[in-house]
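Remarks on the overall topology
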Amino acid sequence: MMILPELSTLLFSIVFLFISLGKKKDSAGLLARPLSIIVLGISLAGIFSGGELFSGAYRLDLFSQVFKAIIAYGFCLVIFMLDRQNEIEEAYFPEYVMFLGFSALGLMMLVSSVELISIVIALEVSSYSLYVIVPLRKGQTHIQLEASVKYLFFGAISTGIMLFGMSYIYGIARSTFLNDILRVLPGAMDQPIGVFALILALTGFFFKLSLFPMHFWAPDIYEGASNTTTTFIATVPKIGAAALLIRLTMLANASGVQFINVLIVLAAISMTFGNLVGLVQKDIKRLLAYSGIAHAGYLLMGVLALSRDGYAAAIYYITVYLFMNLACFYVLVLLSKDGRNVVIDDLVGLSKRAPLLAFTLAVGAFSLAGIPPTGGFTGKLFLFMSAFREGHLTIVIIGAVNTAISIFYYLNLVRMSYSKEAASTEPIQLTFNEKTLCYILIFLVLYMGIVPFGLLDIFRLAV
Amino acid sequence: MTAFNKYLIMNTLSFPILSFVIFIPLAGAILLLFMRGERSVKMTALITSIINFPLSLLIYLRFDVGTDKFQFGEFIPWIPAYNINYVLGIDGITIFLILLTTLLAPLCILCSWTAIERRVKEFMFCILIMETAMIGVFCALDFILFYVFWEAMLIPMYLLIAIWGGPNKDYASIKFFIYTLFGSVFLLVAIIAVYLTTGTFSIPDAMFRDYGFNFQLWVFLAFAIAFAIKVPMFPFHTWLPAAHTEAPTAGSVFLASVLLKMGTYGFLRFCLPITPKASVFFGPYMIALSVIAIIYGGFVCLSQTDMKKLIAYSSVAHMGFATLGIFSFTLFGWEGALLQMLNHGVTTGALFLCVGIVYERTHSREIYDNAGLGKIMPAYVGFFGLFSISSFAFPGTNNFVGELYVLIGIFSQNKLAGFFSIVGALLAAAYMLRLLKQIVWGREDKREIADMKAREVIYLLPLVVFVVWMGFFPRPFVQVIEKTLMNLHSQMNIFFR
């Protein structure tokens with residue numbers, strides 16, 4: 001009974017598996033939403049359950065359950081965004097939803113895994129589902145095929161590197177259980193082998209987070225995959241990856257100066273590179289991909305503090321990131337009538353054509369830029385404070401400079417939609433559901449900015 | 001909580017008055033979202049802002065001039081995990097800035113009554129949000145709360161310029177935003193640095209502590225960049241003419257009258273008490289920059305043909321006087337700086353309102369297009385004349401008092417800087433009189449331009465009253481701010497002995 005969230009997600013996927021086998025496929029759209037709500041409800045209800053399964057390889061604690069709830073929340077929101085079926089061929093729709101479900105399931109398993117092999121398996125369950133849905137996009141062109149092949153290859157390579165690192169960890173600790181590794185690995189962190197092993201083992205999650213140097217896939221895949229797929233890839237898997245990043249860096253246990261230095265360098269390069277390249281992007285999905293690379297760098301600031309505060313800040317930030325990124329992507333999904341990619345010039349006059357969309361985008365963009373009173377600011381504040389507290393002044397200043405750089409392209413989104421006059425002012429009609437979802441996303445971003453205490457306390461308990 | 005009693009007198013009124021003053025505009029703004037019809041939107045916004053003014057007057061009436069502590073305190077824990085609290089309180093430095101804000105908000109709404117034709121609801125929404133954020137900045141006694149208000153103001157201000165601005169709004173708004181945000185991120189880093197040293201985000205708690213000199217230097221620099229951009233001081237001023245010129249009248253008034261004051265407020269509230277040694281160390285440089293701003297602003301004004309641009313550059317010069325007073329480290333200088341902040345807020349705000357009035361009629365900001373109004377709009381020219389002579393500190397007007405205090409302060413410390421600022425004051429007379437002459441007698445031809453309406457007279461009158469009152473009888477103002485500044489002065493003296 002303890003793994004009800006996972007079971008419910010599995011059931012969700014199986015339902016769509018059967019629908020995909022049948023002839024009538026229109027029920028898929030109707031079923032997806034209520035079922036995803038049920039998944040979310042069960043995950044929220046299971047937040048305080050605990051225990052161990054499979055002789056200790058699978059642990060349920062507050063940490064994992066909180067992450068499962070966040071993943072379920074993100075998953076549920078993405079399913080609700082899947083409204084316009086102009087992106088995926090009708091015939092593949094049930095499979096598409098099924099694979100989304102499997103991917104979420106893999107992530108849920110991932111955050112509960114405390115053993116190297118089950119980590120790898122869970123990660124692959126999540127990844128393989130995504131490899132399949134990347135090319136599912138209306139109108140076969142070479143872009144999405146290129147994207148899917150790139151995603152597959154980069155994913156395979158990063159998994160390979162990760163396994164290589166894990167084999168070193170196994171060599172040091174002679175166990176695949178994180179509990180055993182925790183006893184041995186901190187002692188090895190002052191030797192090259194320990195640093196090397198842990199960094200390599202983290203590579204798989206760097207890949208998911210699109211952190212430098214595993215970021216190359218992100219812009220192409222974001223551009224190539226359909227808008228909804230990108231929305232999913234850009235948000236939900238990153239939560240799982242952040243969880244495991246935290247779980248694995250806990251192994252370093254504050255004894256690895258070299259390890260922290262490597263992380264600092266990665267974070268600095270990642271945010272600087274992401275923001276600088278983001279400045280010149282025209283395609284908004286590519287822009288958000290580079291923004292994602294930069295945000296992976298910010299997130300790492302919390303992780304590299306190797307402190308309770310830092311981990312809690314990282315969880316808080318990834319949660320805010322989920323909401324603000326979803327807000328931006330949702331605008332793209334709604335804006336792109338025929339599933340095309342949206343370029344920055346398409347935003348011109350948006351505030352006239354659809355004030356609510358423009359406002360949602362503005363809230364999302366300002367939050368990504370880290371301006372109060374949005375959640376992006378509060379999250380970034382916690383990250384800065386935790387990194388600063390551990391004495392990592394350099395990365396805090398680099399982060400602050402990056403915030404200033406990044407404002408330019410985030411503001412550009414707002415600027416296009418507000419201060420440029422459009423030639424055509426054909427209004428965009430939104431349904432009630434779409435409006436509600438916009439309001440929910442705006443509310444969540446602002447709520448996390450103004451009322452951080454409840455959630456933050458839970459996150460601090462969780463780590 | 002107990003730690004706060006040292007410097008915070010809790011609110012004794014039956015309701016949390018500061019929170020009310022801060023959040024009534026916000027509540028009004030949210031109410032606006034549910035309203036339809038331009039007229040009802042305007043009325044709601046106006047009534048909201050008008051309600052706020054007597055409330056802030058009540059603060060003034062109940063203000064205890066005999067204490068140097070923060071008053072009307074409110075305390076609610078906000079993010080206990082990081083010791084971040086919702087703490088409010090005001091003292092002599094802030095009370096008039098709050099009054100200025102609450103006074104200007106209804107005037108700004110009135111002056112936009114007909115000038116804003118599209119998206120009235122969003123416009124009023126932005127104005128009210130601005131009011132909340134601006135009052136919040138002056139009331140907040142917690143760094144993070146302060147920072148949230150400080151930054152939250154950027155968004156509505158950006159939108160005011162970007163949506164309702166002039167032809168060059170795109171460039172102006174983005175420059176304003178990026179410039180200010182650039183300064184603010186360093187402010188944030190400095191705030192975190194102070195927090196990690198003191199363990200608290202409380203602003204009064206961080207004051208007058210014995211930080212290391214190096215620490216002070218860096219924190220001062222981080223603070224100073226943020227505040228110098230906001231003031232704006234000389235090399236950082238380039239966003240201001242663009243933003244002022246392109247913003248709609250109400251936006252210009254808020255920018256000039258309140259936003260710029262946040263920079264000088266920051267110097268008084270943060271730099272001097274938290275990093276006193278570094279402030280003294282950097283004092284000569286700040287004085288040099290202030291003097292450059294005064295002279296440079298004056299010369300640039302002389303060559304302007306755009307009324308709004310001229311007034312914008314005159315702001316650079318006037319704010320130079322305020323920073324000059326602050327970094328003279330004398331009681332007179334500080335009082336002068338504070339008065340100068342108020343005066344500049346009223347006078348420059350009034351001048352922008354005047355430009356707005358004439359712009360609505362001629363749709364041009366060029367001096368030549370608006371010249372020779374003496375016979376056409378006599379009432380208007382009367383108002384405009386008063387505010388112009390007040391702007392160059394004619395005796396009997398408010399600016400005279402402020403500049404006099406600043407000059408007394410600076411002469412007692414640095415004769416050379418005093419001399420150059422006198423030159424700057426002369427330049428002010430030159431460029432303002434040139435503008436006034438052009439507007440009154442500049443052209444001979446007769447044009448059909450309607451004189452001021454009753455609504456326009458109504459929103460200029462309170463400012464006239466202030467100009468004259470302050471000019472002839474500044475004592476009540478000085479009295480209120482004196483105690484706080486004396487305390488600051490003695491604390492700084494203790495520090496250097």
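Given the structure is predicted, the values throughout are model-derived calculations rather than measurements.

1. Here's the deal with the overall build of chain B
- When you go through chain B residue by residue, the secondary structure sums to 19 helices and three strands.
- Rg of the C-alpha trace for chain B: 21 Å, near the compact-globule value of 23 Å for 497 residues, within the 12% margin.
- Put simply, of all contacts in chain B between residues at least 6 apart along the chain, 80% involve residues at least 24 apart.

2. Some points on the overall build of chain A
- Tallying secondary structure elements over chain A gives 19 helices and two strands in all.
- For 463 residues, the compact-globule estimate of 2.2 N^0.38 gives 23 Å, and the C-alpha radius of gyration of chain A, at 21 Å, lies within 12% of that figure.
- Buried residues in chain A amount to 59% of all 463 residues.
- In chain A, of all internal contacts separated by at least 6 residues, the share reaching a separation of at least 24 is 81%.

3. Considerations on the packing of helix 12 (residues 276–302) of chain B against helix 17 (residues 415–441) of chain B
Residues and elements named next belong to chain B.
- Between helix 12 and helix 17, whose axes approach to 9 Å, the crossing angle comes to 20°. Compared by their axis directions, helix 12 and helix 17 come out roughly parallel. Of the two elements, helix 12 crosses helix 17, and the hand of that crossing is left-handed. Of the residues in helix 17, those touching helix 12 at Ile-287, Val-291, Ile-294, Ile-295, Gly-298, Phe-299, Cys-301 and Leu-302 are Ala-417, Phe-420, Ser-421, Val-423, Gly-424, Leu-427, Ala-428, Ala-430 and Tyr-431.

4. Quick word on helix 11 (residues 249–274) of chain B
Residues and elements named next belong to chain B.
- For helix 11, spanning 26 residues, the distance from its first C-alpha to its last is 36 Å, which sits close to the expected 38 Å at 1.5 Å a residue.
- Of all the bends in helix 11, the largest measures some 35° and sits at Leu-255.
- With 26 of 26 residues buried, helix 11 is to be regarded as a mostly interior element.

5. Focus: the nonpolar core
- Ranked by size, the top nonpolar core spans 383 residues in total, and within it Tyr-330 of chain A together with Ile-127 and Phe-223 of chain B carry the most contacts.
- Of all the elements, helix 13 (residues 308–335) of chain A adds the most residues to this core, at 23 residues.
- Beyond its immediate chain neighbours, meaning those up to four positions away, Ile-127 of chain B contacts Ala-45, Ala-105, Cys-108, Ile-109 and Ala-250 of chain B.

6. Details of the interface of chain A and chain B
- Contacts between the two partners involve 24 residues from chain A, matched on the other side by 27 residues from chain B.
- Contributions of two or more residues to the side of chain A that touches chain B are made by helix 16 (375–389), helix 17 (393–419) and helix 19 (453–462) of chain A.
- Grouping the constituent residues of the side of chain A that touches chain B by class yields 18 nonpolar, two polar and four charged.

7. Description of unusual backbone geometry
- The omega torsion across Phe-212 of chain A and Pro-213 of chain A is 0°, close enough to zero to call that bond cis.
- A cis amide bond, omega -10°, links Val-231 of chain B with the succeeding residue Pro-232 of chain B.
- Within the secondary structure layout, Pro-232 of chain B lies in the loop between helix 9 (213–230) and helix 10 (239–246).
- A positive phi angle, close to 55°, is found at Ser-210 of chain A, a residue other than glycine.
- Within the secondary structure, Ser-210 of chain A is located in the loop between helix 8 (192–209) and helix 9 (217–224).
- Backbone geometry at Ala-393 of chain B places phi at a positive 65°, although glycine is not the residue there.

8. A short note on the pairing of strand 3 (residues 84–90) of chain B
All names here are of chain B.
- Across the seven residues of strand 3, six count as buried, placing the element largely inside the fold.
- As defined by bridge partners, strand 2 (residues 70–79) adjoins strand 3 across six bridges and the pair is classed as antiparallel. The residue bridging Gln-71 from the neighbouring strand is Ile-90, located in strand 3.
- If you look at the hairpin formed by strand 2 and strand 3, you'll find four residues sitting between the two strands, and Asn-83 has a positive phi there, around 60°.

9. Description of the pairing of strand 2 of chain B
- When strand 1 (residues 8–10) of chain B meets strand 2 of chain B, the two strands line up parallel, connected through two bridges. Residue Leu-8 of chain B lies in a different strand from strand 2 of chain B, and its bridge partner there is Phe-70 of chain B.

10. A short note on helix 16 (residues 398–413) of chain B
Residue and element names in this part refer to chain B.
- Under the 1.5 Å per step criterion, the end-to-end length of helix 16 is 24 Å for 16 residues, consistent within 8% with the ideal 22 Å.
- Of the positions making up helix 16, those classed as buried are Asn-398, Asn-399, Phe-400, Val-401, Gly-402, Glu-403, Tyr-405, Val-406, Leu-407, Gly-409 and Ile-410.
- Structurally, helix 16 contributes buried residues whose contacts are with helix 13 (307–326), helix 14 (331–362), helix 15 (378–391), helix 17 and helix 18 (454–472).

11. Topic: the environment of Leu-61 of chain B
Residues and elements named next belong to chain B.
- Structurally, Leu-61 can be placed in helix 2 (residues 38–62).
- On the basis of neighbour counts, which here come to 8 C-beta atoms within 10 Å, the residue Leu-61 falls in the exposed class.
- Considering only alpha carbons, one finds Leu-61 and Trp-334, 273 residues apart in sequence, at a separation of 23 Å.

12. A closer look at the environment of Tyr-298 of chain A
Residues and elements named next belong to chain A.
- Checked against the element boundaries, Tyr-298 lands in helix 12 (residues 284–304).
- Placed 115 residues apart in sequence, Tyr-298 and Arg-183 show a C-alpha to C-alpha distance of 29 Å.
- Contacts of Tyr-298, omitting those with residues within four sequence positions, involve Met-271, Tyr-317, Lys-380, Leu-383 and Gly-399.

13. Section: the sheet that holds strand 1 of chain B
Residues and elements named next belong to chain B.
- Here three strands make up an open sheet; going across it, the order is 1-2-3 and the pairing mixed. The open sheet has two free edges, formed respectively by strand 1 and strand 3, since each of these has just one partner strand. Ignoring which end each strand starts from, the neighbouring axes of this sheet average 50° apart.
- Those strands touched by helix 1 (residues 17–33) are strand 2 and strand 3, and its axis lies near 70° from that of strand 2.

14. Digging into the confidence of the model for chain B
- This prediction gives chain B a mean pLDDT of 88; 99% of its residues lie at or above 70.
- If you check the scores for this complex, the pTM reads 0.90 and the ipTM reads 0.86.

15. Some remarks on the packing of helix 4 (residues 93–112) of chain A against helix 5 (residues 116–133) of chain A
Residue and element names in this part refer to chain A.
- For the pair helix 4 and helix 5, the least separation of the axes is 8 Å and the interaxial angle reads 160°. By the angle between their directions, the pair helix 4 and helix 5 is classed as roughly antiparallel. Helix 5 is crossed by helix 4, and the crossing has left-handed handedness. Listed contacts from helix 5 to Tyr-96, Phe-99, Leu-100, Phe-102, Ser-103, Leu-105, Gly-106, Leu-107, Met-109 and Leu-110 of helix 4 are Ile-119, Ala-122, Leu-123, Val-125, Ser-126, Ser-129, Leu-130, Val-132 and Ile-133.
- Across the contact of helix 4 with helix 5, the residue classes tally to 15 nonpolar, four polar and no charged.

16. Some details on the environment of Leu-240 of chain B
Residue and element names in this part refer to chain B.
- Mapping Leu-240 onto the fold places it in helix 10.
- Sequence separation between Leu-240 and Ser-315 is 75 residues, and the spatial gap between their C-alpha atoms is 8.9 Å.
- The contact partners of Leu-240, leaving out residues within four places of it in the chain, are Pro-232, Ala-312, Ser-315 and Val-316.

What counts, and where the lines are drawn
Residues numbered from 1 in each chain as written. Chains lettered and ligands numbered in written order. Predicted model: local features only at pLDDT ≥ 70, side-chain atom pairs only at ≥ 80, totals over all residues. Helix = DSSP H or I, 4+ residues; strand = E, 2+ residues; numbered from the N terminus. Rg over C-alpha atoms; globule rule 2.2 N^0.38 Å. Contact = placed C-beta atoms within 7 Å. Buried ≥ 20, exposed ≤ 12 C-beta atoms within 10 Å, placed from the backbone. Axes fitted to C-alpha atoms, helices over the stretch in contact; angles between N-to-C directions. Parallel < 35°, antiparallel > 145°, perpendicular 65-115°, else oblique. Left-handed = near helix turned anticlockwise from the far one by under 90°. Expected span 1.5 Å × (residues − 1). Bend = angle between axes of the 7 residues up to and from the residue. Core = buried A, V, L, I, M, F, W, Y, C linked by C-beta atoms within 7 Å. Nonpolar A, V, L, I, M, F, W, Y, C, P; charged D, E, K, R; others polar. Pairing = 2+ DSSP bridges. pLDDT = per-residue confidence, 0-100.

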